[in-house]
Amino acid sequence: MTPPHAHTPLTLWGWDEFFETGYQPWVGKRAEPGRIVAQHQNIYRVAAASGEYLAEVSGRLRHQASGRIDFPAVGDWVAIRPTTGDRATIQGLLPRKTLFARRMSGLEADQQVVAANIDTLFLATACDRDFNLRRLERYLLLTQEGGARPVVLLTKADLEENLAAVVASVHAIAPQVPVHPVSTLTLSGLEALDPYLGPGQTVAVLGSSGVGKSTLINALSGQAKMATQQIRAKDGKGRHTTTHKELLLLEAGGMLIDTPGMRELQLWEGRESLDALFPDVEGLLGSCRFSNCTHSNEPGCAIQAAIDAGELAAGRWNNYLKMKREIEEIEHMLSVPDKKGRPVRHRRG
Ligand SMILES: Nc1nc2c(ncn2[C@@H]2O[C@H](COP(=O)(O)OP(=O)(O)OP(=O)(O)O)[C@@H](O)[C@H]2O)c(=O)[nH]1
Ligand SMILES: [Zn+2]
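The structure displayed is predicted, hence computed values, not measured ones.

J.: Even after reading the chapter, I still don't get the overall build of the chain, so can you show me in this structure?
T.: Of regular secondary structure, the chain possesses 10 helices and 15 strands. Split into buried and exposed, the 349 residues of the chain put 49% on the buried side. Summed over all atoms, the accessible surface of the chain reaches about 16900 Å², with 52% contributed by carbon and sulfur.

The structure is reproduced here in structure tokens:
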């Protein structure tokens, strides 16, 4: 059975000059480029110009990998070599534009790639009583590390009468970030998302449970499209199972990455990002009378003075401290050498 979209041109999946450059080492070899559209443990579904394949990482690539980060994830471009039927091996991983990774538990710091090559990350937060600027700050921190462009979506906009005030409160903590109120109930505001969803563009949605991610994703992808992307694949035992893509083609031409791991992202190595997110706090920190000020009850503490004067929200200060602690824990993990005695690599997308 021929899966849908089996012969779509690569540009539909976001192929561009960046990836073409990364593919240069493979030109002339027995390989072709493809994009990972789904992953089930170590089996990948890859969309390529000649069709869709079920692929596994080659022994060589596995051997060369220094950690999880060197294994492909949904959204990655890879060089594949078709073998028999719809089977292929993944020979190489092309350089990534952006990277979403999360830390794993345990002392050996190893990051697992959640998704790769996301252009725009929609940070969804609902206009109802769940609206929470502190949580939004955490999401913003995550996107700064990943490299994707953050865009705030105020979902369930139909529930809020004073949208302008909510938008303004987001602008206050993140002046550079676009903010779009949307409602999947009234369909208002959805057209404002079109510029992010054009051909070749890859987006993903981050947000807490219940903010309306699934409803939004359905609205963007269109129910019919979602259904046509249900594809049949043979599992190892020869039975047929239904799988679905984790990288969906949207009606507007772009793509949406929706993986289980997307929803469990954690803070990862964010020291610089923290400074960028809290310039007001960073600006105050050097102004305390004592250089070793703990900002709790010392005289001449610039932080406490700003809080008392109403210039710094106590919640924002507490959030800063909480994030700083988490980041320090992660940095501690990162400084622990791995089993082979090498320092664990700091690496970004
Ligand atoms: N009023 C209103 N309700 C909405 C809107 N979008 C979603 N909802 C409702 O919000 C609830 C949660 O929506 P979901 O799309 O399931 O939320 P989710 O973020 O996917 O939640 P999880 O699956 O738990 O992660 C449902 O009852 C939806 O009907 C909206 O635009 N307006
Ligand atoms: Zn102080």
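J.: What am I meant to see in the coordination of the zinc ion (ligand 2) here?
T.: In an ideal tetrahedron of four donors about a metal, each angle is 109.5 degrees. In an ideal octahedron of six donors, the angles are 90 or 180 degrees. Taken together, C288 (SG), C293 (SG), H295 (ND1) and C301 (SG) make up the protein donors of the zinc ion (ligand 2), found 2.2 to 2.4 Å from the metal. Viewed at the metal, the 4 donor atoms of the zinc ion (ligand 2) are separated by angles of 96 to 115°, and the geometry they form is tetrahedral. Mapped onto the sequence, the donors of the zinc ion (ligand 2) take the spacing C-x4-C-x1-H-x5-C. A relative accessible area of 10% places C293 in the buried class. Classification of H295 by relative accessible area gives buried; the value is 15%.

J.: What's the story with the sheet that holds strand 3 (residues 51-57) in this structure? I'm lost.
T.: The strands making up a sheet associate through hydrogen bonds between their backbones, and the pairing can be parallel or antiparallel. Taken in spatial order, the 5 strands of this closed barrel run 1-2-3-5-4, and their pairing is mixed. Within this sheet the neighbouring strands show an average axis-to-axis angle of 50°, counted without direction. One ladder, built from 4 bridges, connects strand 1 (residues 32-40) with strand 4 (residues 77-82); its direction is antiparallel. Each bridged residue has a counterpart across the sheet, and for P33 the counterpart in strand 4 is A79.

Definitions and cut-offs
Residues numbered from 1 in each chain as written. Chains lettered and ligands numbered in written order. Predicted model: local features only at pLDDT ≥ 70, side-chain atom pairs only at ≥ 80, totals over all residues. Heavy atoms only, no water. Helix = DSSP H or I, 4+ residues; strand = E, 2+ residues; numbered from the N terminus. Buried < 20%, exposed > 50% of the residue type's maximum accessible area, 1.4 Å probe, protein only. Areas by Shrake-Rupley, 256 points an atom, 1.4 Å probe, with all protein chains shown as cover. Donors = N, O, S within 2.8 Å, 3.2 Å for Na, K, Ca; no water. Tetrahedral: all angles 85-135°; square planar, octahedral: opposite > 155°, others 65-115°. Pairing = 2+ DSSP bridges. Axes fitted to C-alpha atoms, helices over the stretch in contact; angles between N-to-C directions.

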